[in-house]
Amino acid sequence: MAAAELDKIDEIIDRYAGKEGMLIQLLLDIQNELKWISQEAMERISKRNNIPIGHIYRVVSFYKAMSLNPKGKHIVSVCLGTACHVRGGLGIMDKAKEFLDMKTEGTTPDRKFTLERVNCLGCCALGPVVVVDGEYHGKMTPSKMEETLKRYD
Ligand code: FES
């Protein structure tokens, strides 16, 4: 891990120094600012705050908002729940993979995009649905998918 990232982790740990019940907020800050929670980050928090690493690991694994793998700057969630699937969700996913030059879902090597599948976003009537950085895009088509991704830099 780069020295700058370790410095950032230390800076975030400093923010919560001496505060009770700070673990979740501290981990969310690391997730938001570094886009993942590395083994080094967990070790650092464990050592500096005297929290067993197993406990930190369990918290990170429990919360969907936290990731043990690097996430991209932009999170692209393609719905492949039943309603979106029957309306062409897989074609949307294939187009996203093609545009991002990825064989499988995950994070691009430049860490610009993370592509993931979700099961239902609760707005099936708008399907197929894609969410990019929290913004919903309904009635998606493969060409709209490409246009949408081009807008994110
Ligand atoms: S199945 Fe996609 S929003 Fe419900």
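Each chain has its residues counted from 1, running along the sequence as written. Owing to the predicted nature of the model, reporting of local features is limited to residues with pLDDT of at least 70; listing and counting of side-chain atom pairs is limited to 80 or more, with chain, interface and lining totals taken over all residues. Here the side-chain values reflect all heavy atoms present in the structure, with hydrogen atoms and water set aside.

(A) Main features of the sheet that holds strand S3 (residues 113-118). Taken in spatial order, the 5 strands of this open sheet run S2-S3-S1-S4-S5, and their pairing is mixed. Of all strands in the sheet, those with a lone pairing partner are strand S2 (106-107) and strand S5 (135-137), marking the two edges. Only strands joined by at least two bridges in the DSSP assignment are considered to pair. For helices the rule is a DSSP run of H or I covering at least 4 residues; for strands it is a run of E covering at least 2, with both sets numbered from the N terminus onward. Here strand S1 (residues 74-79) runs beside S3; their pairing, made up of 6 bridges, is parallel. Its bridge partner lying in S3, Ile75 is registered against Thr114. Contact between two residues is taken to exist if any of their heavy atoms lie within 4.5 Å; hydrogens are not considered. Inter-axis angles, ranging from 0 to 180 degrees, are taken between N-to-C directions of lines fitted to C-alpha atoms, where helices are fitted over the stretch in contact. In this fold helix H6 (residues 89-100) packs onto S1, S3 and strand S4 (130-132), with an angle of close to 165° to the strand it touches most, S3.

(B) Highlighting the domain arrangement of the protein chain. Assigned domains of the protein chain: these are domain 1 (3-62) and domain 2 (74-150). All the domain ranges listed were derived from an automatic or database domain assignment. For domain 1 and domain 2, the distance between their C-alpha centroids amounts to 30 Å.

(C) Geometry of the pairing of S3. Under the scheme applied here, a residue whose accessible area is under 20% of the maximum for its type counts as buried, over 50% as exposed, and between as partly exposed, the area being computed with a 1.4 Å probe on protein chains only. The buried fraction of S3 is high, at 5 of 6 residues. As consecutive antiparallel partners, S2 and S3 are separated by 5 residues, and within that stretch Arg111 has a phi angle of approximately 55°, a positive value.

(D) Examining the nonpolar core more closely. Leu23, Leu26, Leu27, Ile30, Ile37, Ile45 and Ile56 are the most contacted members of the largest nonpolar core, which has 20 residues in total. Those elements that provide at least two residues to this core are helix H1 (3-15), helix H2 (23-34), helix H3 (39-49) and helix H4 (53-62). With 5 residues, the top contributor of residues to this core is H2. Apart from residues no more than four positions distant in its own chain, Leu26 is found in contact with Ile12, Ile13, Tyr16, Ile45 and Asn49. As used in this record, nonpolar core signifies buried Ala, Val, Leu, Ile, Met, Phe, Trp, Tyr and Cys residues forming a set joined through side-chain atoms within 4.5 Å. Residues Val76, Ala96, Leu100 and Leu149 belong to the second largest nonpolar core, which totals 16 residues.

(E) A look at the side chain of Ser77. For Ser77, the location among the structural elements is in strand S1. Pairs of N or O atoms within 3.5 Å make up the polar contacts considered here, provided that, within protein, one atom can donate a hydrogen while the other can accept it, and that residues adjacent in sequence are counted only when both atoms are side-chain atoms. For Ser77, the side chain forms a polar contact with the side chain of Glu116, separated by 3.0 Å. Aside from chain neighbours lying at most four places away, what touches Ser77 is Glu116, Val118, Val129, Val130 and Val131.

(F) Molecular detail of the pattern of salt bridges. By definition, a salt bridge exists where a carboxyl oxygen of Asp or Glu is found within 4 Å of a side-chain nitrogen of Lys or Arg. Enumeration over the complete set of coordinates arrives at 13 salt bridges. Residues Lys8 and Glu33 are paired through a salt bridge, measuring 3.2 Å at the closest nitrogen-oxygen approach. Taken together, the residues span a long stretch of sequence, with Lys8 in helix H1 and Glu33 in helix H2 at a distance of 25 residues. Since its relative accessible area comes to 35%, Glu33 is described here as partly exposed. The salt bridge partner of Arg48 is Asp14, with a shortest N-O separation of 2.5 Å. Placement of Arg48 in helix H3 and of Asp14 in helix H1 is noted, with a sequence separation of 34 residues between them. Classification of Arg48 by relative accessible area gives partly exposed; the value is 42%. Here Asp14 falls in the partly exposed class, since its relative accessible area comes to 45%. Through salt bridges with shared partners, one network takes in Lys8, Glu11, Arg15, Asp29 and Glu33.

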